[in-house]
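Notes for the structure review
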Amino acid sequence: MSTLTATRNRLKQLRERFNPIFEKIAAGAAERDRSGELPRAEIAELAAAGFGAVRIAESDGGAGATLPELFELFVDLSAADSNVAQALRAHFAFVEDRLISAPGPARDKWLARFVAGELVGNSWTEIGTVKVGDVITKVTPDGNGGFKINGTKYYSTGSIFADWLDTYAERTDTGKRVIAAVHAHQPGVALAEDWDGFGQRTTGTGTSTFTDASVEEENLIDFDTRFKYQTAFYQQVLLAVLAGSAKAAEREFALELKNRKRTFSHAAANVASEDPQLLQVIGDVSAAAFAATATVERVSNALQGAYDSALELQAGVISVEEDEATNDYAELTSAQAQVALTPLVLTAITHAFDALAASATSISKNLDRHWRNARTAGNHNPWVFKARLIGDLAVNGTELPRVWAIGASK
């Protein structure tokens with residue numbers, strides 16, 4: 001059996017396994033967005049079904065999915081409810097980091113947690129007057145062989161659903177930047193759902209506060225060992241959200257047009273669903289969804305190359321320079337895709353409203369959630385900076401930064 005055939009078979013099996021759950025998630029997506037009800041049950045069902053462990057090797061209890069296969073599923077999930085997909089962004093990034101970490105008991109313990117259905121949330125971004133590059137969240141030895149963590153983070157997407165919090169912090173004893181994997185279910189951790197964005201309303205985003213929360217030394221991960229393609233990976237989740245939002249808009253606006261009973265005296269047909277101008281609108285949305293999905297696939301292949309490169313570097317098969325080049329390529333493709341897809345998807349969803357006239361703006365239909373969610377996803381990691389950096393690479397050969405920070409202006 002060829003590699004391509006094996007991939008197709010595995011993806012087919014994965015879709016057969018998870019699509020029934022995705023369909024249930026899609027059925028309640030509009031109402032959850034309208035009411036603000038968090039998808040706790042939906043995410044718990046995905047975790048119980050093994051979705052959080054699809055990247056883990058079959059020999060370790062997972063599904064052995066490649067990165068292209070993972071992000072095919074991510075687009076499917078985003079088309080069902082982009083908020084659920086966005087809420088799992090940090091989890092899959094942490095899984096990826098553990099997959100390429102050094103083999104041994106520590107790695108095995110994490111893989112077993114993922115297979116058991118445990119999820120990881122995000123706590124990275126400092127807010128307020130913190131200077132660019134500073135880390136206010138601190139990890140301090142507790143005198144008993146463990147550590148305490150103190151600090152406040154915002155944009156903690158998915159943390160409210162999680163068992164562990166992937167927290168960017170600084171050790172007070174060594175000054176090293178670390179990822180502290182903090183157990184979420186303890187007295188020193190407070191999670192607030194205080195995100196007030198007009199999109200991504202049910203992603204469980206908000207403030208994470210750590211007050212002398214405990215963290216084991218084995219769960220302090222040197223940030224310098226973090227997987228090199230992490231920024232491209234995080235961006236790829238947002239690209240999948242954009243592609244899924246476009247597919248969802250195509251599906252729901254097409255259904256609304258098919259069922260539309262009203263038309264206009266100056267329309268191009270007596271029935272709205274046969275009006276060539278309105279059909280063209282839906283066709284344009286469909287083409288944008290296709291282009292977005294194809295672009296996600298292209299980035300997935302670059303990320304798979306970076307993953308393979310990490311393993312080859314560990315095995316001594318390739319040089320550090322070759323590995324760096326592969327990671328630079330993954331960063332470039334994700335940046336190019338972001339610059340291309342953000343306006344493409346937003347324009348397509350905006351245009352979709354032209355197929356339905358005033359009724360498309362009905363709060364009861366909640367079709368605007370697709371635009372709101374895509375617009376919000378497009379505002380993370382501002383693409384205007386990426387366009388400039390891509391241009392600098394094209395003109396001057398300046399490599400894109402793979403890690404950056406945010407903070408108060410100088």
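Calculation notes
The numbers attached to residues start from 1 for each chain and follow its sequence in the written order. For a predicted model such as this one, the threshold for reporting local features is a pLDDT of at least 70, and the threshold for listing and counting side-chain atom pairs is 80 or more; totals across whole chains, interfaces and linings nevertheless cover every residue. The side-chain numbers reported here are obtained from all heavy atoms of the structure, hydrogens and water having been left aside. Relative accessibility thresholds used throughout: buried, under 20% of the residue-type maximum; exposed, over 50%; partly exposed, between the two (1.4 Å probe, protein chains only). Helix and strand assignments follow DSSP, with helices taken as H or I runs no shorter than four residues and strands as E runs no shorter than two, numbered in order from the N terminus. Working note: the arc is built from the helix axis to C-beta atom directions. For this analysis, residues touch if any pair of their heavy atoms sits within 4.5 Å. Pairing of aromatic rings covers Phe, Tyr and the six-membered ring of Trp, with a centre-to-centre limit of 6.5 Å; geometry is then stacked below 30 degrees between planes, edge-to-face above 60, and tilted otherwise. Here, a charge over a ring means that NZ of Lys or CZ of Arg falls within 6 Å of the ring centre while also lying within 35 degrees of the ring normal.

As annotated in an unreviewed UniProt entry, the chain carries the name Acyl-CoA dehydrogenase family protein and comes from Glutamicibacter bergerei.

This paragraph deals with helix 2 (residues 40-48). Buried residues of helix 2: Ile-43, Leu-46 and Ala-47, and no others. What you see down the axis of helix 2 is that its buried residues fit within an arc of 100°, all on one side. Opposite the buried face of helix 2, by more than 90 degrees, sit the exposed residues Ala-41 and Ala-48. Buried residues in helix 2 make contact with helix 1 (3-35) and helix 3 (67-87). Just beyond helix 2, the residue with positive phi is Gly-50, at close to 90°.

Let us now look at the packing of aromatic side chains. This model, assessed by the stated rule, comprises 22 aromatic pairs. Plain terms: the ring middles of Phe-94 and Phe-114 are 6.3 Å apart, the flat faces sit at 85° to each other, and that makes the pair edge-to-face. Separated by 20 residues along the polypeptide, Phe-94 in helix 4 (residues 89-99) and Phe-114 in helix 5 (residues 105-115) bring together distant segments of the chain. The exposure class assigned to Phe-94 is buried, which follows from its relative accessible area of 0%. Grouping aromatic residues by their ring pairs yields a cluster made of Phe-18, Phe-22, Phe-51, Phe-71, Phe-74, Phe-92, Phe-227, Tyr-229 and Phe-233. When the ring centre of Phe-94 is taken as reference, the NZ or CZ atom of Arg-98 above it lies at 6.0 Å. For Arg-113, the ring lying beneath its charged end belongs to Trp-110, and the centroid distance is 4.4 Å.

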